[in-house]
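# Structural features, examined
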Amino acid sequence: MSQTSSDRPGWAWWGARPAGELPLRHAVRILRAAAPLEEVVFSGGRPLDRALRHYQAEHPKMGRTDRLLLGTALYGLARNRELLRCVLPDALPGDGEHLILAFLDARGEDPGKVAHLPGGPLVWVQRLEAADSLRRRWTATLEASWKAPPTGLPRAVSEALEGLLGVPAWWLREGPWGTIGEAVRELAKLKRPQNLILRAQPATPEGRAGALAGLRDLGVPCRPTRRSPWGIVVDGRHNVLGSAPYREGRIEVQDEGSQLVVCLCDPKPGERVLDYCAGGGGKALALGAAMGGRGTVVATDAAPRRLEDVRRRARRGGLGNIRVLRDPSAAAGEGPYDLVLVDAPCSSTGTLRRNPDVAWRWTEADVGRLTALQAEILDTAGALVRPGGHLVYATCSLLEPENGAQARGFLERFPGFRPAPPGDRAGHAPLADVPGADGGAFRLPADLPRYDGDAFFLARFRREA
């Protein structure tokens, strides 16, 4: 007999937003005008956040309320794409019907209160009831299979997973979960929109406590993260990037998982560190701050345009130990390094809360190409570690081929490295109770207790002297 959802509190994700959070004035007009954005969701093409920013840049007269309204609808559609496709089988992407239904569904709003709904309010009542009915049916299907392994699934289970949790069924084959229930718990957590997470600058005298006090003085409700020693969770929507603590370099935007990657690295003042896939430089800045501004952090990336803002951010944070290297092939000439971090390009499937569209942007063939690239990067980076130094590999992916399989493959190719658990150095405290951390390769699942970040995989290796 399967358990009920009440026996597993917290895995069901949907529910109405608080009444009055978003006014419904102009909703239909705004969403009808933005109907072309529906095609971005259904095509699985360019990233959703870029498409939304581009649309808003083309419509500069949109007010804050209208931008918030559109974002709610568009991300609601991305999180519930297959559900809304089932409810609106005859609607074509680009006519606005999906966005309107996604908005009403996210709000839990009585459509009878909205004037000028196309087709009349009764039609939308029926559509919302159909969505609720599908959710109940799919919930029952998943609960009936709760303890089943995630392989050889009946079509009904695959359909329930795709419709209710908004991810392709092939993720179960490539994921880390032993049962359907384990997968549902984590994926349900990833269905919920994520709060903004900040990193306090540890080099400042006031540290996190001062950053928290400064934000609260501005009326920003916030609290410390429970694992990262630098993290701050902001509740609700606030213009943090326009605040004095941000302008003064006392805080940066950074997911808690990314902060814990730096905790695992545990860089020491005076060391020589390479951030080999630095991207926008968030982890390089956190590494430099954790080193107290002493030593050197070399930041490089295969897409050098992503590094353009690193120097400015380093100056704002008062960090003089960050060096930007635009050509990754030149990193060898700067080595060897005490520590090399490879935050590898990956499917980003662990970032679903912020980027729900990643569920439909990648195919299994795409993941195969990514794993080949990750192995190549690891092999190059491993050669840059000095004897006795450390290599840290990280992805924000849920998929085993990018994670554990990649770590095992590296150790097979490079027998001069061994796993290095976080307990080897002082940065182990935030990770001490994470399952598997003592083996040197482990996950930060989205449903990890006392954790507010994305789903991550981390591995740490030490090169033998």
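Residues numbered from 1 in each chain as written. Predicted model: local features only at pLDDT ≥ 70, side-chain atom pairs only at ≥ 80, totals over all residues. Heavy atoms only, no water.

Following the criterion strictly, the structure yields five aromatic pairs and no others. Seen in terms of ring centroids, Tyr393 and Phe457 are 6.4 Å apart; in terms of plane orientation they differ by 65°. Their pairing is edge-to-face. Here Phe457 lies in strand β12 (residues 456-463) and Tyr393 lies in strand β9 (residues 385-395), a separation of 64 residues in the sequence. In terms of burial, Tyr393 and Phe457 fall into one category: buried. Among the aromatic residues, those joined into a cluster by ring pairs are Phe410, Phe414, Phe417 and Phe461. A cation sits over an aromatic face here: Arg127 above Trp124, 4.6 Å from the ring centre. Arg316 extends its terminal NZ or CZ atom over the ring of Tyr246, reaching a point 4.2 Å from the ring centre. (Phe/Tyr/Trp six-rings, centres within 6.5 Å; stacked < 30°, edge-to-face > 60°. Helix = DSSP H or I, 4+ residues; strand = E, 2+ residues; numbered from the N terminus. Buried < 20%, exposed > 50% of the residue type's maximum accessible area, 1.4 Å probe, protein only. Lys NZ or Arg CZ within 6 Å of the ring centre and 35° of its normal.)

Taken as a whole and assessed by the stated rule, the structure comprises three cavities of 30 Å³ or more. In this structure, the largest cavity spans a volume of roughly 60 Å³. Lining the largest cavity, in full, are Arg199, Ala200, Gln201, Gly249, Arg250, Ile251, Glu252, Leu285, Arg313, Ala314, Gly317 and Leu319. Going through the elements one at a time, β1 (196-200), β4 (251-253) and α15 (310-316) are the ones with two or more residues in the lining of the largest cavity. In the lining of the largest cavity, the residues fall into five nonpolar, three polar and four charged. (1 Å grid on protein atoms, 1.4 Å probe; cavity = no way out; pocket = protein on both sides within 12 Å on 5 of 7 lines; lining within 4 Å. Points joined across faces, edges and corners; volume = space filled by probe spheres on them. Nonpolar A, V, L, I, M, F, W, Y, C, P; charged D, E, K, R; others polar.)

Reading predicted coordinates in detail is not appropriate for stretches of low pLDDT. The predicted model of the protein averages 89 in pLDDT, with 91% of residues at 70 or higher. Contacts from residues 1-21, a stretch scored under 50 in pLDDT, to residues over four places away or in other chains number 43 contacts. (pLDDT = per-residue confidence, 0-100. Contact = heavy atoms within 4.5 Å.)

Following the sequence through the fold, Gln374 ends up in helix α18 (residues 364-382). Take Gln374: its relative accessible area is 0%, and that puts it in the buried class. Separated by 3.0 Å, the side chains of Gln374 and Glu402 make a polar contact. Side chain to side chain, Gln374 and Gln406 meet in a polar contact 3.0 Å long. Contact partners of Gln374, with chain neighbours within four places excluded, come to Ala344, Pro345, Cys346, Tyr393, Glu402 and Gln406. (Polar contact = N/O pair within 3.5 Å; in protein donor to acceptor, adjacent residues only side chain to side chain.)

Turning next to the layout of surface pockets. A volume near 260 Å³ is recorded for the second largest pocket. Along its surface, the second largest pocket is lined by 15 residues, and Glu186, Pro435, Arg443, Pro445 and Asp447 are the ones closest to its centre. Elements that contribute at least two residues to the lining of the second largest pocket include exactly α10 (180-189) and β11 (441-444). Split into classes, the residues belonging to the lining of the second largest pocket amount to eight nonpolar, one polar and six charged.

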